[in-house]
Structure formats: C-alpha cells, structure tokens
Amino acid sequence: MRKLSRIMAFMIALVPALGAPVAFADGKSLVAANKCGDCHKMAGPSAATIAEVLKRKAPDLFYAGSKFNKEWLVGYLQKPTVVRPGGVVYLNNIKTAGDTDTVGSVDKCASKLSAGDAAQVADYLMTLKDASMKAGAFKKGEIKSAQARRVLFKEQACDACHDFGKGGGLSCPTMVGAGARLNPDWMYSFIKDPVHWDPKVWMAKRDFDEATLQLIVNFLVTQ
Amino acid sequence: MRKIMKPLAASATAMTLALGTLLLSATDARAESAADNYKLYCVQCHGSAGTGKGINAPFLSVAPRNHTNAKDMGELSDDNVFKAIKEGGVAVGKSTQMPPFGGLLNDAAIKDLVKHLRGMCKCEGKK
C-alpha cells in the first residue's frame, strides 16, 4: 500500500512537468541561469515614473512574445546588436562637452547564447504576451512607399529620433531591420498608443487614422 | 422619508468628495516635476543645457530652439509655447520636427513646462 502511494505521489508530481512544453521550461531556466532578469523586466508593469525609467538597464521583456518576431529573437540572442543607438534610456548615455550632447558608449547585451539555447529562450520569450493586444490588427496591403515616406519624414519627422538607415536621430530604436525584428501587430499597437506599452515613453503619441496606421506599418515591415 | 434621505445624500456627497480628493492626491503623488519632464521629453533634441544641442540635433533640418536665449524666447507668448508643446511645431507655424506632446503630458504638466522654460530663459513671455 505504501509503495502504491509513493508511485501515485511520483505520478502526481510528474503531471505539471508533462503538462508544460519542455522547450518553454528549458527556455525559462536559461533565462534564469543567464540572469536576464537582472537587466530586463520579465514581469510587468513597465516603469511608471521617470525615476523608474532611469533605472531601466534593458528593454522590458514581459511582452516579448507580442513585440518580437521569433526568428529575429533566435538570431539576436546568438549575436546581439545595438538596436537603440542612444542606449536603452538615452538620458543615461549622454556625454556633454560645453553645451553639446553626444552619445557615450552603448553596450550590447552581454549574453551570447548558442543556437540551441537561443531557440529555447526564444520559444519561452514568445510565450510572454500582452493578452490585450489585438492579433490581426495589421492588414498586409499594398506598400505605398512614397505616401508612407511623406507621412513618416515630412509630416511627422520620425527620422528626428529614429534612424531609417540614412542618418537619423539617436534617442529611439533604429528602424533598420524593423520588419524582421518586430511583429507588425505590435508596431500597429505601439504607434497607435505607445503609452499602453510604456507609460513614460518619450515618443509622441499621434492620432493617426486607421488608413494611415496601416500605411505606416506596411512600410515599416519592409525596413 | 425626506428627513432621512437628505442626510444620506449629504453623506454620499461628502464621501464622493473625499474619494475624489484621495484620488487626486494619488495622481499628484505620481506627477513628475517640470524639470524631470524636460529631461525625459525635451533633452533628446534641445540638449541637457537647453541650448538646442541634443543628441538628435545633428539629424534635424531645423535647429531645435535654444531655450536659454532670452531674446528668442521672449518673442513667444506663453500660449504659443504651450500650443507648440501640446500640438507640435506645425500648430504654431513651425517645424514638424517638434512633435506634439499632448498625448503624453496633460495641460497642467505642460503649463509647468512653460514656467520651467521661462526659468531657463530668465525671460517673460510676449504679452
């Protein structure tokens, strides 16, 4: 009888492990082992005050599964690059000489994973989602480059803060490779309401209509 | 019945007011100083010295305004500066490179920023 109850206890203990996909569990362990949480917020909410923003060392990852494309994550985790030329919080990387600001050294993510580990971590990160984000909000359509460029560069001057590959601002993430990096539904959501994702974001919120949002995101996926 | 209802209504009003005050206090506690808002939103282009030499400035076709220049800043009314911050440069006939911050900052925070700018230029707005 005692033996039977031991077997039963073992099987009960095994149930959660069998219930969760192995890759996710391993990815989560790797995130812990690599101490990703020391720099990234792995659980929400995002910083709600400027003081908290200034303590941010790396982008929030608690909605990574909504934000990123998995294939990009797998590559990035093996070979990190600088996505934000001014650093995660540009204010923390400013060097001032006289009255002129420049950007000091911006470090890449220190973690560099093997292909296998990167795939597992990416699998896990893709499970971290913001349930309120509407999937399918982005409608793939005709890419109207000239029209999109007029909105992005002439009307909104997005290149004042973002680099589009031809020399642009440094305080916000580069848009070079945005299509590979970002989930278009997230781009749509972020542009529509950046404050939803980051209450203290320094990107202005515009009131774009639906057609303009689709025009912009259709262009950005080509970047 | 009216005798009972009147004090009840008065209590409900008092409670609503008290709750409103509490909520307002909470909001105030989380409000940022104008100096901090300037740092987060304005320094990227206008620079930490406020002279228009922020990290994005070299990439702009129109130089960001020098907020310490009393002559230039003195030519702008407070209403004009408020509108430029809230609705962007285009709203006051200036560059699209000055974005609208009305979606990030409420009117009270923008008014505080205008006061902060007046402190930076040590000047008054055009009347």
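The rules behind the values
Residues numbered from 1 in each chain as written. Chains lettered and ligands numbered in written order. Predicted model: local features only at pLDDT ≥ 70, side-chain atom pairs only at ≥ 80, totals over all residues. Heavy atoms only, no water. Helix = DSSP H or I, 4+ residues; strand = E, 2+ residues; numbered from the N terminus. Buried < 20%, exposed > 50% of the residue type's maximum accessible area, 1.4 Å probe, protein only. Contact = heavy atoms within 4.5 Å. Areas by Shrake-Rupley, 256 points an atom, 1.4 Å probe, with all protein chains shown as cover. Core = buried A, V, L, I, M, F, W, Y, C linked by side-chain atoms within 4.5 Å. Buried area = accessible area lost by both parts, 1.4 Å probe. Salt bridge = Lys/Arg side-chain N within 4 Å of Asp/Glu carboxyl O. Nonpolar A, V, L, I, M, F, W, Y, C, P; charged D, E, K, R; others polar. pLDDT = per-residue confidence, 0-100. Pairing = 2+ DSSP bridges. Axes fitted to C-alpha atoms, helices over the stretch in contact; angles between N-to-C directions. Parallel < 35°, antiparallel > 145°, perpendicular 65-115°, else oblique. Phe/Tyr/Trp six-rings, centres within 6.5 Å; stacked < 30°, edge-to-face > 60°.

Colleague: Requested: an account of the overall build of chain A, with residues and values cited.
Modeller: Each helix and strand in chain A was counted, giving 11 helices and 2 strands. Traced from its N-terminal end to its C-terminal end, chain A shows the element sequence α-α-α-α-α-β-β-α-α-α-α-α-α. Counting the 223 residues in chain A, one finds 46% classified as buried. Restricting the contact set of chain A to residue pairs at least 6 apart, pairs at least 24 apart contribute 67%. Accessible surface for chain A amounts to roughly 11,900 Å². Of this, 59% is attributable to carbon and sulfur atoms.

Colleague: Pulling in residues and values, what's your account of the nonpolar core?
Modeller: Ranked by size, the top nonpolar core spans 85 residues in total, and within it Leu125(A), Trp186(A), Trp202(A), Leu220(A), Tyr41(B), Ile85(B) and Leu105(B) carry the most contacts. Ranked by the residues each element gives to this core, the list is headed by helix H5 (residues 107-121) of chain B, at 7 residues.

Colleague: How would you summarise the interface of chain A and chain B if you had to cite specific residues and measurements?
Modeller: Between chain A and chain B, the contact holds 34 residues from the first and 26 residues from the second. Both faces considered, chain A and chain B share a buried interface measuring about 2,500 Å² in area, 61% of it formed by carbon and sulfur atoms. Among the residues of chain A in contact with chain B, Ile50(A), Asp99(A) and Asp101(A) are the three that bury the most area, contributing 23% of the side total. Between the two partners, chain A and chain B, sit 2 salt bridges. For Lys200(A), the salt bridge identified is with Glu32(B), shortest N-O distance 3.3 Å. At the level of secondary structure, the elements contributing two or more residues to the side of chain A that touches chain B comprise helix H3 (50-54), strand S1 (94-97), strand S2 (100-103) and helix H7 (145-155) of chain A. If you tally residues by element for the side of chain A that touches chain B, the top one is S2(A), at 4 residues. Along the lines of polarity and charge, the residues of the side of chain A that touches chain B split into 18 nonpolar, 9 polar and 7 charged.

Colleague: An account of the confidence of the model for chain A is requested, with residue identities and associated values reported.
Modeller: Keep in mind that low pLDDT regions are not for reading the predicted coordinates in detail. Confidence in the prediction for chain A averages 92 pLDDT; 89% of positions are at 70 or higher. Ignoring residues within four places in sequence, the model shows residues 14-21 of chain A, a span with pLDDT below 50, making 0 contacts including any to other chains.

Colleague: Help me get a handle on the confidence of the model for chain B, residues and values and all.
Modeller: Residues and elements named next belong to chain B. Mean pLDDT over chain B stands at 86; residues scoring 70 or higher make up 76%. Within the model, the stretch residues 16-29 combines pLDDT values under 50 with 0 contacts to residues more than four positions away or in other chains. ipTM for the predicted complex: 0.87, alongside a pTM of 0.85.

Colleague: Help me get a handle on unusual backbone geometry, residues and values and all.
Modeller: For residues that are not glycine, phi is negative in most cases, and the peptide bond is trans in most cases. The omega torsion across Gly44(A) and Pro45(A) is 0°, close enough to zero to call that bond cis. Its location among the elements puts Pro45(A) in the loop between helix H2 (22-33) and H3. Of note in this structure, Lys35(A) is not a glycine but carries a positive phi near 55°. Residue position: Lys35(A) is located in the loop between H2 and H3. The phi angle at Lys122(B) is positive, at roughly 50°, despite the residue not being glycine.

Colleague: Which residues make up the pairing of S2(A), and what values do they have?
Modeller: Residues and elements named next belong to chain A. The pairing of S1 with S2 spans 4 bridges and is classified as antiparallel. Among the inter-strand pairings, Lys95 is bridged to a residue of S2, identified as Thr102. The turn linking S1 back onto S2 is made up of 2 residues, and Gly98 within it adopts a positive phi angle of 65°.

Colleague: Explain the packing of helix H2 (residues 34-46) of chain B against H5(B) to me, using residue names and the numbers behind them.
Modeller: All names here are of chain B. With their axes 9 Å apart at the nearest point, H2 and H5 run at an angle of 90° to one another. As judged from the angle between their axes, H2 and H5 are roughly perpendicular. Residues Ala34, Ala35, Asn37, Tyr38 and Cys42 of H2 form the contact with H5, whose own contacting residues are Ala109, Asp112, Leu113, His116, Leu117 and Met120. Classifying every residue of the contact of H2 with H5 gives 8 nonpolar, 2 polar and 1 charged.

Colleague: I'd like a rundown of the packing of aromatic side chains, residues and numbers included.
Modeller: Any two aromatic rings considered together are summarised by their centre-to-centre distance and by the angle between their planes. Counted by the stated rule, this structure contains 9 aromatic pairs over all chains. Ring centres 4.8 Å apart and planes at 85° place the aromatic pair Phe153(A) and Phe164(A) in the edge-to-face group. Note that Phe153(A) is positioned in helix H7 and Phe164(A) in the loop between H7 and helix H8 (178-181), a separation of 11 residues in sequence. The interplanar angle of 55° and the centroid separation of 5.8 Å between the aromatic rings of Tyr41(B) and Phe101(B) together place this pair among those described as tilted. One end of the pair, Tyr41(B), is in helix H2; the other, Phe101(B), is in the loop between helix H4 (78-87) and H5, with 60 residues separating them in the sequence. Of the residues examined, Phe101(B) reaches a relative accessible area of 6% and is grouped as buried.

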